[in-house]
Number of protein chains: 2
Amino acid sequence: MAPRVRIEDVAEAAGVSMKTVSRVLNCEPNVREQTRDRVMQAVEALNYSPHMFARSLAGNRTYLIALLYNNPSANYMMGVISGVLAGCETQQYNMLLCPAELEDDRLLRGVESLVARSQPDGVILTPPLTDSPALLERLKQLDIPYASISPRNQQDCICVAMDEPLAAQEMVRHLVQLGHRRIAHIIGHPAHGASDWRLQGYRRGLEEAGIAVDPELAVPGEFSFESGVAAARTLLDLPTPPTAIFAANDDMAAGVIQVALQRGLRIPQDLSVCGFDDTPMSEQVFPSMTTIHQPTDEMGRLATIALLSSLRHSEPPASLRVPHTLRLRQSSGPVPG
Amino acid sequence: MAPRVRIEDVAEAAGVSMKTVSRVLNCEPNVREQTRDRVMQAVEALNYSPHMFARSLAGNRTYLIALLYNNPSANYMMGVISGVLAGCETQQYNMLLCPAELEDDRLLRGVESLVARSQPDGVILTPPLTDSPALLERLKQLDIPYASISPRNQQDCICVAMDEPLAAQEMVRHLVQLGHRRIAHIIGHPAHGASDWRLQGYRRGLEEAGIAVDPELAVPGEFSFESGVAAARTLLDLPTPPTAIFAANDDMAAGVIQVALQRGLRIPQDLSVCGFDDTPMSEQVFPSMTTIHQPTDEMGRLATIALLSSLRHSEPPASLRVPHTLRLRQSSGPVPG
DNA sequence: TTGAAAGCGCTAACAG
DNA sequence: CTGTTAGCGCTTTCAA
């Protein structure tokens, strides 16, 4: 293996000092344009890339950000991961993946050992960790900047989120346009802010259409397939069952579809079913599912970029918004009769 | 923030030199039992954990392994990732996640930039990257050890795999026991070794039952839902259609189910359908899918442990085997009539 | 079996 | 605008 090209070699090749090369590489000011060019040429010529660890050791930064998660959805996480990696790449940062426990004590212990071992320069939080007051407080104590994806509280923090209430509202609007008036909602897991937002959007959608909100049509769920199955049974056993069921995520909607088909209901002729998230599964079930697409990778990317730029420039925290998309598929149709 | 506890502090507390602490921490020989204990006590007392970057810089190892992947299945990847993380934890290693291109040139460029930037001590390969001769050769040139998950060639390398032919054969056996004789197979993507193994197991299963292999019943697919849809149409349009379809993965099986239901076929009364992988989706479709469970996390964990221990002790490469499990669910049943 | 000294490759602080 | 010097926290060498 060829010996490593060091900053000294570049300095020599460019006829400047080590420190000047360092300045150029770190985009520090006070370097003449011409000198900068000369250095960059040497960097290219020697195909130099800085030794991350030496850099970290000397500079007291790690060039590492940690992605903390406790989320059972592989698709959601892989989306976010791709985005975070994309965001890191531009800035020569690396990502550390950190599964975390939900329970406060263990969560904090996990974070502490992460910090002891790897000292990340920043952290990206995904739901529901975004909403653990204990965690947020500890990160502040440790003076570790963080960016959150879809946190419940979007004030005074770096975060990226969709307009979830609006998205849910649009879904209801879609059902109303199909003629539905008896529209049910299966609420998500109570620990997730998304559950509240989607419920809120559901209610707004009904109000907007002048439909009274019937409390027995909004039933609790937990984002799991099984909870969707249970909720579907409750709803379909009602004296006057709904003609459309809007579940707060795709997994629960899949549960609804399963129960409906088992009972011999045709979808969407007898019952319309909608989900939320646009998981790959939502296209693969029969009938394919009307749902809302969430740009998870873009959210990861933006959160990372916002975090990294706040590390550099310590800007005021900003709350970013990403667009949702309604995916109309086969599981929603005109109201029966 | 409290100042970092350094190896010097531990040394002082234990009344030994820095180097002795280092010896203990790195499990080097030639330390008296009693000294070792004293050092460990000091480590505990001060809650010391070594500074990874300083260690890397001085020791010329990074304590990093890279997980290289090009696999569209989020569930598969999250399983492997969990396992690799679990394997890393025991040894104080960190994992770097590296999405890679499939095409040779770009794949190699990606690896080279990874190495230039992060110098991982080792690499974990997932299908189909496991089977890129160019990649394997380059890793050898760069003298970077690697472990493969389910590689096509399992000779003379560190690898972990299931007995895929056997698993597929058992699935066919299951269908034969249900009375099926006209059993079709949808083959996986040609670039994946798994496609060959599963096809092979399918054939063995038929031979074992004394059923002649009808070539028109083994149709090509690409592991995608859409390819499953296409293959299902081909098979169900046959003059004498199969009574059971065994797809080489769950996504394609989902495609089969969709086509069958659209044509008014009942599953499993009119047609049995089986998949492979046991994705979460396989439980959530209607009817829930008979499939084969692959312990992806365990595979990731074992590959990591094997890789790390080969780094330490340079043992001869070993090929590890993990067990599969048949998950019998609702999509397979007795042959019609 | 243990310790002292010399770096690993880089950046920070300060001096020019 | 640029260079010099002194570490960052650890492991390696070599000496005791």
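What comes next concerns the included structure. Treat the numbers as computed from the prediction; the structure is a model and nothing was measured.

Some points on the pairing of strand β4 (residues 146-149) of chain A
Residue and element names in this part refer to chain A. Judged by which residues are buried, β4 turns out to be covered on both faces: Tyr146 and Ser148 on one side and Ala147 and Ile149 on the other are all buried. Bridging between strand β3 (residues 122-125) and β4 involves 3 bridges; their strand directions are parallel. Counted as the bridge partner of Leu125 is Ser148 from β4. Once you follow β3 into helix α7 (residues 133-141) and on to β4, the crossover reads as right-handed. Alignment of β4 against strand β5 (residues 158-162), held across 3 bridges, turns out to be parallel. Directly across from Ile149, in β5, lies its bridge partner Val160.

A short note on the sheet that holds strand β9 (residues 272-274) of chain B
Residue and element names in this part refer to chain B. Within the open sheet, the 4 strands sit side by side as β7-β6-β8-β9. Their pairing is parallel. Looking at which strands have only one partner, the edges of the open sheet turn out to be β7 (218-219) and β9. Examined bridge by bridge, strand β6 (residues 183-186) and strand β8 (residues 244-247) share 4 bridges and lie parallel to one another. Bridge pairing links Ala184 to Ile245 in β8. Sheet strands in contact with helix α9 (residues 193-208) are β6 and β7, and its direction is about 170° off that of β6. Contacting β6, β8 and β9, helix α11 (residues 250-262) runs over the sheet at an angle of about 160° to β9.

Considerations on the state of the cysteines
Residue and element names in this part refer to chain A. In the structure shown here, the tally under the stated rule is 0 disulfides over all chains. Cysteine Cys27 is unpaired, with the sulfur of Cys88 as its nearest cysteine sulfur at 17 Å. Take Cys27: its relative accessible area is 63%, and that puts it in the exposed class.

As for the nonpolar core
Membership of the largest hydrophobic core comes to 192 residues, with the highest contact counts inside it found for Leu68, Ile81 and Leu97 of chain A together with Leu68, Ile81 and Leu97 of chain B. With sequence-adjacent residues up to four places away left out, Ile81 of chain B is seen in contact with Met78 and Leu97 of chain A together with Leu67, Met95 and Leu97 of chain B.

Focus on the pattern of salt bridges
All names here are of chain B. Scanning the model with the defined rule gives 36 salt bridges over all chains in all. Put simply, Arg106 and Glu101 hold a salt bridge, and the shortest N to O gap is 3.6 Å. Judged by relative accessible area, which is 43%, Arg106 ranks as partly exposed. Taking the relative accessible area as the measure of exposure, Glu101 reaches 36% and is therefore partly exposed.

Things to note about the protein's contact with DNA strand C
In the vicinity of DNA strand C there are 24 residues, among which Ile7 and Tyr48 of chain A together with Thr20, Arg23 and Thr35 of chain B approach most closely. The separation between a phosphate oxygen of DNA strand C and a polar side-chain atom of Arg55 of chain A is 3.0 Å. Elements with a minimum of two residues in the surface near DNA strand C: α2 (18-25) and α4 (52-59) of chain A together with α2 (18-25) and α4 (52-59) of chain B. The element best represented in the surface near DNA strand C is α4 of chain A, accounting for 4 residues. Residues that form the surface near DNA strand C fall into these classes: 10 nonpolar, 8 polar and 6 charged.

Observations concerning the relation of the copies chain A and chain B
The two copies are related by a screw operation: chain A maps onto chain B through 180° of rotation and 0.0 Å of translation along the axis, at an RMSD of 0.1 Å. Expressed as an axis order, the relation between the two copies is that of a two-fold axis.

A short note on the interface of chain A and chain B
Across the boundary between the two partners, chain A contributes 44 residues, which contact 43 residues of chain B. The three residues of chain A that bury the most area against chain B are Phe53, Arg117 and Gln284 of chain A, which together make up 21% of that side's buried surface. Run the count over chain A and chain B and you get 0 salt bridges. If you list the elements that add at least two residues to the side of chain A that touches chain B, you get α4, β1 (64-69), α5 (74-90), β2 (94-99), α6 (104-118), α11 (250-262) and α12 (280-284) of chain A. Here the element with the most residues in the side of chain A that touches chain B is α5 of chain A; it accounts for 7 residues. Of the residues contributing to the side of chain A that touches chain B, the split by class is 25 nonpolar, 14 polar and 5 charged.

Each value, and the rule that gives it
- Throughout, residues of each chain are indexed from 1 in the direction in which the sequence is written.
- For this description, chains carry letters from A and ligands carry numbers from 1, given in the order in which they are written.
- For a predicted model such as this one, the threshold for reporting local features is a pLDDT of at least 70, and the threshold for listing and counting side-chain atom pairs is 80 or more; totals across whole chains, interfaces and linings nevertheless cover every residue.
- Heavy atoms throughout the structure, all of them, feed into the side-chain values; hydrogens and water do not.
- Note on exposure labels: buried denotes an accessible area under 20% of the residue type's maximum, exposed denotes more than 50%, and partly exposed covers the range between, all computed with a 1.4 Å probe on protein chains only.
- Secondary structure counts use DSSP, requiring at least four H or I residues in a row for a helix and at least two E residues in a row for a strand, with both numbered from the N terminus.
- Strands pair, by our definition, only if DSSP identifies at least two bridges between them.
- Seen with the strands pointing away from the viewer, any crossover whose path from the first strand over the helix to the second strand runs clockwise is right-handed.
- Throughout, a residue-residue contact means that at least one pair of heavy atoms, one from each residue, lies within 4.5 Å.
- Axis definition: a line fitted to C-alpha atoms, limited for helices to the stretch in contact. Angles are taken between N-to-C directions and run from 0 to 180 degrees.
- We call a pair of cysteine sulfur atoms a disulfide whenever their separation is within 2.5 Å.
- For this analysis, a nonpolar core means a set of buried residues of the types Ala, Val, Leu, Ile, Met, Phe, Trp, Tyr and Cys, connected via side-chain atoms within 4.5 Å.
- When a carboxyl oxygen of Asp or Glu is within 4 Å of a side-chain nitrogen of Lys or Arg, the pair counts as a salt bridge.
- For this purpose, a residue is taken to be near a molecule or strand whenever a single non-hydrogen atom of the residue falls within 4 Å of it.
- Whenever a nitrogen or oxygen atom comes within 3.5 Å of another N or O atom, the pair is scored as a polar contact, on the condition that within protein one atom can donate a hydrogen and the other can accept it, and that pairs from neighbouring residues in sequence are kept only if both atoms are in side chains.
- Charged means Asp, Glu, Lys or Arg here, nonpolar means Ala, Val, Leu, Ile, Met, Phe, Trp, Tyr, Cys or Pro, and polar covers whatever is left, Gly included.
- Alignment of the copies relies on least squares applied to C-alpha atoms, considering only residues that score at least 70 for pLDDT in both.
- Here the quantity called buried area is the accessible surface, traced with a 1.4 Å probe, that two parts lose on coming together, added over both.

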